[in-house]
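Spelled out from the first residue to the last, the chains are:
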Amino acid sequence: MDPHSRHSQFNQRAPKTGPFSPSVRFEPTQKVTMDKYTKTSSSSMPSDSPLFTSRPVATNSRVKQDERFKKDMFLAYVNKAIREKLNGHSKDFDDLVDQFSPNKSTLAPTVPSLQLRIWLSALSHVLSRLERRHAPLVEAIVRLPWSTMDVVFVKSYIVFIGMLISARPEYLSLVLNRIAMGFTYQSGLLAVTSNLEGSTPLTRRVIYDRQHALLEHLLNLVPTLPSSLAPLLVRNFPHKRQPQAGHVAYIRNMLRVTEYCGELSERVLGLIVDRALMVDVEIQVELEELEDAELTDGELFEFDPFDTIVGQEGDSSDDEEDVDDGLSDLSSDASSDGGAEDAPTDTRHIHDMVSKLDAILRLVFDHFNKLHSSIPTALVPSSPSLHPSTTYDRDSHEPHTLLAIQFHTLLAIFDRSILRTFKSRYTQFLLFWYASLHPEFSDLFLGLLVDKALFGSASASGVERAAASSYIGSFVSRAQFIDREGARRAVQVLCAFLGAHLDAVEAGNAASNNHSVFYAVVQSVFLIFCFRWRDLQEELDEQEVGRKIWITELGVVQRVITSDLNPLKVCSQNVVHQFARIAQATDLTYCFSILEANKRAPYPVFAGVVPGSAGPEELHTFFPFDPFKLPRSGEYIQSVYREWTAVAIGDDEDEDEDEDDLIEEGPLVDGWEHGRGCSSIPITASKRGESDDDGLGASFGGMSISPTQTKTVAMAISVS
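The structure displayed is predicted, hence computed values, not measured ones.

So, the overall build of the protein
Along the backbone of the protein there are 25 helices and zero strands. Residues counted as buried form 48% of the 720 residues belonging to the protein. The long-range share in the protein, meaning contacts at least 24 apart out of those at least 6 apart in sequence, stands at 80%. For the protein, the exposed surface amounts to about 36,800 Å²; the carbon and sulfur share of it is 52%.

See below:
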């Protein structure tokens with residue numbers, strides 16, 4: 001055929017648009033299928049075998065349809081059980097309650113968590129219809145060990161409890177009491193038996209985190225929740241006989257509550273301090289043996305109970321079984337004297353109490369330091385009543401406001417509890433350390449003490465005023481953060497009070513013959529002088545080098561020691577003898593002639609002693625800031641505490657010189673300003689204490705608030 005013919009196949013062209021012409025001649029494209037990838041059936045098994053019957057594929061829509069049908073079925077059962085319970089038929093209702101009741105032997109849920117979630121979902125539709133007769137169902141749900149179950153169920157449970165409290169607020173106390181119990185150390189012991197999934201072992205930290213998550217959720221729903229939670233936290237506080245781990249776990253949880261519930265800060269901190277005071281007072285038994293004994297390595301070993309796997313702590317909970325829950329009530333320990341005789345006094349028990357108190361104080365110190373560490377050092381904390389500086393944003397001052405508010409809270413707790421507890425040895429160091437954070441705090445603390453001791457508010461008794469005076473002397477003496485000016489101001493105020501009191505006595509205007517506050521103030525002045533005498537000297541000119549000129553207010557000291565009140569006879573003899581040595585060595589005054597005369601003199605009637613009776617040898621007082629000997633919490637005190645060895649005057653070969661020789665050779669100094677200098681002081685405080693009758697130790701470094709031979713002076717409430 002002619003290739004140019006119109007019938008030639010080469011003259012047939014496809015159109016420019018549209019489908020291919022059917023007349024186009026080429027090989028058809030082979031269709032690709034998945035047949036060759038499918039697995040061929042075995043020849044030994046016929047295709048019509050019953051094992052290969054076709055089944056419908058479970059699509060998402062079908063799964064959701066099945067779940068919806070199951071939920072509708074559970075909801076119908078719940079509606080029927082609730083309705084029948086009101087009509088007097090409780091069979092279905094009791095079966096519903098059994099779904100949430102744990103096994104009596106293992107205390108674990110009897111049904112899977114998936115089914116429990118469906119029950120909770122169904123119950124969430126009928127919460128508004130629950131009445132008082134349905135309370136057993138709610139109680140069973142609340143008692144459910146939900147914090148030990150899987151994460152999905154925990155989230156569903158928290159949402160359900162929030163809906164329950166929103167619809168039925170009368171169950172708030174029941175839920176909060178269960179949460180407070182969940183903060184205790186024993187709450188996590190059920191996790192091993194109740195953890196049905198058993199995928200990973202739970203630690204106490206996980207369980208406590210879930211309890212806090214539920215509490216935070218309820219706090220967002222119920223703003224008045226703190227008022228209901230506070231008494232429950234008090235009720236569930238561990239008894240002082242319970243092990244250290246129980247106190248550590250509960251106190252850490254309570255301090256964490258204050259981080260997201262500020263309304264409870266004062267109540268929680270006050271509760272912790274009150275319980276610490278109970279332990280603190282108890283360890284005064286056999287105090288000398290306690291100080292001399294060394295703690296073993298096991299007692300100093302720290303372990304975090306939050307990181308332990310529940311149920312694998314050993315026998316730490318054995319001691320808890322014998323402690324009744326009712327002992328946790330604060331009123332059970334309100335009177336510590338009544339059961340003091342029955343309390344065990346063996347050395348091991350005392351060491352346990354010391355370790356427990358050490359752990360409690362360390363937790364509180366860590367809590368305070370956490371807030372303080374979050375504040376930039378460039379910012380200055382201020383009281384809540386002060387306005388923030390315009391240099392920084394409002395948000396940047398929030399931590400400072402919280403720091404100041406926390407200090408005022410601690411100051412109120414001190415005024416209410418610590419100041420009135422005269423046997424406490426370590427708890428008051430919480431305020432000691434907090435006052436070191438800023439000069440404003442130490443000024444406020446001293447201001448409170450001065451107001452209590454010297455000006456005697458209407459609510460302060462004579463004993464309380466004397467205790468406040470002891471706090472002033474011990475605080476100014478021991479606090480490194482009290483500068484030179486602070487020490488001088490404190491001594492000036494105390495000396496002014498002494499002068500006014502002597503004027504009243506000489507004029508016959510003294511309100512009473514009991515002068516306990518006067519003696520306590522004198523003793524504080526003696527103590528401050530022993531520690532801070534270098535700061536009480538005036539700055540000398542070049543022409544006056546070699547002389548010692550004291551602040552003007554110290555002139556009253558000579559008048560005080562020679563007065564008819566005779567404080568050198570009444571005050572603590574350890575303080576008196578130490579003051580006499582340092583006062584002579586620094587040319588302030590001479591006291592040994594009066595001390596020698598006091599050996600033969602009767603006890604002054606001004607101290608409240610009945611004439612004719614055998615008077616005591618020293619004023620019953622205490623030194624609240626004695627050396628801090630707790631190992632763990634002591635790390636916070638070391639850097640801000642003044643040891644006696646740092647200020648004691650140097651040794652010399654004349655330190656063993658007999659006191660009688662000093663009385664014969666040393667002149668009686670009548671003036672308070674001296675021209676004689678003393679470049680090296682040949683007196684030491686290390687030897688004298690060994691011969692003291694009160695057994696308080698070798699020096700101020702060993703001074704104790706609980707002397708082995710304590711003789712008490714009766715302090716009347718009415719003071720001048």
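Description of unusual backbone geometry
For Asn 566, which is not glycine, the phi torsion reads 50° and is therefore positive. Residues other than glycine seldom take positive phi values, yet Asp 587 does so here, at roughly 65°. Examined against the element boundaries, Asp 587 turns out to sit in the loop between helix H23 (573-585) and helix H24 (592-598).

Some thoughts on the packing of aromatic side chains
Across all of its chains, the model carries 34 aromatic pairs by this definition. Each ring, one from Phe 432 and one from Phe 475, has its centre 5.7 Å from the other, and the planes form 85°; the classification is edge-to-face. A residue pair is termed long-range when its members are at least 10 positions apart, and Phe 432 in helix H16 (residues 429-435) and Phe 475 in helix H18 (residues 462-478) qualify at 43 residues. Take Phe 432 and Phe 475: they sit in the same class, and that class is buried. Centroid distance Phe 432 to Phe 625: 4.9 Å. Interplanar angle 45°. Geometry classified as tilted. One end of the pair, Phe 432, is in helix H16; the other, Phe 625, is in the loop between H24 and helix H25 (659-665), and 193 residues separate them in sequence. Like Phe 625, Phe 432 is buried. Members of the aromatic cluster, each reached through a chain of ring pairs, are Phe 414, Tyr 426, Phe 429, Phe 432, Phe 445, Tyr 471, Phe 475, Phe 481, Phe 625, Phe 628 and Tyr 641. For the cation-ring pair, Arg 204 lies above Tyr 185, with the distance from its terminal atom to the ring centre recorded as 3.8 Å.

Examining the pattern of salt bridges
In total, this model carries 20 salt bridges according to the counting rule given. One salt bridge connects Asp 95 with Lys 91, and the closest N-O pair in it is separated by 3.5 Å. Note that Asp 95 and Lys 91 are positioned in helix H2 (residues 91-100) at a spacing of four residues, about one turn of the helix. Under the relative-accessibility criterion, Asp 95 is labelled partly exposed at 30%. A salt bridge links Arg 488 to Glu 538; the shortest N-O distance between them is 3.1 Å. One end of the pair, Arg 488, is in helix H19 (residues 484-506); the other, Glu 538, is in the loop between helix H20 (516-532) and helix H21 (556-561), with 50 residues separating them in the sequence. A relative accessible area of 9% places Arg 488 in the buried class. Beyond isolated ion pairs, a larger network of salt bridges with shared partners links Asp 415, Arg 420, Lys 452 and Glu 464.

A word on helix H14 (residues 347-373)
Between its first and last C-alpha atoms H14 spans 38 Å; for 27 residues at 1.5 Å apiece the expected length is 39 Å, and the two agree. Counting buried residues in H14 gives 19 out of 27 residues, a clear majority hidden from the surface.

Topic: the confidence of the model for the protein
On average, the protein scores 74 in pLDDT, and the residues at 70 or more come to 62%. Mean pLDDT values for the elements of the protein range from 40 in H25 up to 96 in H16. Below pLDDT 50 for its whole length, residues 191-198 participates in 21 contacts with residues either more than four positions away or in separate chains. When the criterion is pLDDT under 50, residues 652-699 qualifies, and its contacts beyond four places in sequence or with other chains add up to 98 contacts.

Some remarks on the nonpolar core
Among the nonpolar cores identified, the biggest contains 175 residues, and Phe 100 and Phe 529 are the most heavily contacted of them. Beyond its immediate chain neighbours, meaning those up to four positions away, Phe 529 contacts Leu 536, Trp 550, Leu 554, Phe 579, Ile 582, Ala 583, Thr 586 and Leu 588. Core analysis: the next-biggest nonpolar cluster, separate from the first, contains five residues, Tyr 208, Ala 245, Ala 249 and Phe 306 among them.

Some remarks on the packing of H2 against helix H4 (residues 135-142)
Contact pair H2 / H4: the axes reach a minimum separation of 8 Å and the direction vectors enclose 10°. Viewed along their axes, H2 and H4 adopt a mutual orientation that is roughly parallel. In this structure, H2 contributes Phe 93, Leu 96, Val 97 and Phe 100 to the contact, and H4 contributes Pro 136, Leu 137, Ala 140 and Ile 141. Of the residues belonging to the contact of H2 with H4, the class tally is eight nonpolar, no polar and no charged.

Considering the packing of H4 against helix H6 (residues 172-182)
For the pair H4 and H6, interaxial distance at closest approach is 10 Å and the crossing angle is 25°. It follows from the interaxial angle that H4 and H6 lie roughly parallel. In terms of crossing hand, the pair formed by H4 and H6 is right-handed. Mapping the contact onto sequence places Val 138, Glu 139 and Val 142 in H4 and Leu 174, Val 175 and Arg 178 in H6. Residue composition of the contact of H4 with H6, grouped by class: four nonpolar, no polar and two charged.

Details of a negative patch on the surface
On the surface, a cluster of negative charge is made up of Asp 443, Asp 483, Glu 485 and Glu 539. Mapped onto the secondary structure, Asp 443 falls in helix H17 (residues 439-453).

Here's the deal with the state of the cysteines
Throughout the structure, instances matching the rule amount to zero disulfides. There is no disulfide at Cys 591, and the cysteine sulfur nearest it, in Cys 530, is 9.9 Å away. Its relative accessible area of 0% is what places Cys 591 among the buried residues.

Points about the environment of Leu 218
As for its position among the elements, Leu 218 is in helix H8 (residues 204-221). According to the relative accessible area criterion, Leu 218 is buried, its value standing at 0%. Considering only alpha carbons, one finds Leu 218 and Val 159, 59 residues apart in sequence, at a separation of 9.6 Å.

Rules behind the numbers
- Residues numbered from 1 in each chain as written.
- Predicted model: local features only at pLDDT ≥ 70, side-chain atom pairs only at ≥ 80, totals over all residues.
- Heavy atoms only, no water.
- Helix = DSSP H or I, 4+ residues; strand = E, 2+ residues; numbered from the N terminus.
- Buried < 20%, exposed > 50% of the residue type's maximum accessible area, 1.4 Å probe, protein only.
- Contact = heavy atoms within 4.5 Å.
- Areas by Shrake-Rupley, 256 points an atom, 1.4 Å probe, with all protein chains shown as cover.
- Phe/Tyr/Trp six-rings, centres within 6.5 Å; stacked < 30°, edge-to-face > 60°.
- Lys NZ or Arg CZ within 6 Å of the ring centre and 35° of its normal.
- Salt bridge = Lys/Arg side-chain N within 4 Å of Asp/Glu carboxyl O.
- Expected span 1.5 Å × (residues − 1).
- pLDDT = per-residue confidence, 0-100.
- Core = buried A, V, L, I, M, F, W, Y, C linked by side-chain atoms within 4.5 Å.
- Axes fitted to C-alpha atoms, helices over the stretch in contact; angles between N-to-C directions.
- Parallel < 35°, antiparallel > 145°, perpendicular 65-115°, else oblique.
- Nonpolar A, V, L, I, M, F, W, Y, C, P; charged D, E, K, R; others polar.
- Left-handed = near helix turned anticlockwise from the far one by under 90°.
- Patch = residues over 30% accessible without salt bridge, like charges linked within 9 Å, V, L, I, M, F, W, Y side chains within 5 Å.
- Lys, Arg positive; Asp, Glu negative; His and termini not counted.
- Charge placed at Lys NZ, Arg CZ, Asp CG, Glu CD.
- Disulfide = S-S within 2.5 Å.

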